[in-house]
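Spelled out, the chains give:
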Amino acid sequence: FKSYPIKVTGVELFKEQHKASFNITVSTNKVITGGIVHLQVQYGYKTIMDHTYNLSELITCPFSPGAVVLSFRKQFPYAK
């Protein structure tokens, strides 16, 4: 969404001990002091994950303009 201060620039998915893990790379052009991250993962029409995080749970806030990686480890069983 154009009005959001943080933009998703990449998603990396991988298998880790039979569970799906992923990294989301985001970037911003301003100092971010906090906020929330709403994460929803769907497979077809089925919602596998729907969770809201405080940004400070995922990274150290505040953070400066630039890119940062949000890591989500072993979130749900891995299926091909």
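The coordinates are above.
What you see is a predicted model, and the numbers here were worked out from it, not measured in a lab.

J.: Would you mind showing me how to read the environment of Thr9 here?
T.: The residue Thr9 is located in strand β1 (residues 6-16) in this model. For the pair Thr9 and Val69, spaced 60 residues apart in sequence, the C-alpha separation works out to 9.8 Å. Non-local contacts of Thr9, meaning those with residues more than four positions away in its chain, are made with Thr25, Val26 and Ser27.

J.: Mind showing me how you'd approach the sheet that holds strand β2 (residues 19-28) here?
T.: Pairing is antiparallel in the open sheet, where three strands are placed in the order β1-β2-β5. The two strands at the open ends of the sheet, each matched to only one other strand, are β1 and β5 (66-77). Strand-to-strand twist across the sheet, computed as the mean angle between neighbouring axes with direction ignored, equals 20°. Strand direction decides the pairing type here: β2 and β5, joined by nine bridges, are antiparallel.

J.: I tried to follow unusual backbone geometry on my own but got confused; where do I start?
T.: Negative phi is the rule for most residues except glycine; trans is the rule for most peptide bonds. Here the bond from Cys61 into Pro62 is cis, since omega is 0°, no more than 30 degrees from zero. Relative to the helices and strands, Pro62 is located in the loop between α1 (55-58) and β5. Phi at Gln17 is positive, roughly 50°, even though this residue is not glycine. Inspection of the secondary structure assignment puts Gln17 in the loop between β1 and β2. One non-glycine residue with positive phi stands out, namely His18, at about 65°.

Calculation rules
Residues numbered from 1 in each chain as written. Predicted model: local features only at pLDDT ≥ 70, side-chain atom pairs only at ≥ 80, totals over all residues. Heavy atoms only, no water. Helix = DSSP H or I, 4+ residues; strand = E, 2+ residues; numbered from the N terminus. Contact = heavy atoms within 4.5 Å. Pairing = 2+ DSSP bridges. Axes fitted to C-alpha atoms, helices over the stretch in contact; angles between N-to-C directions.

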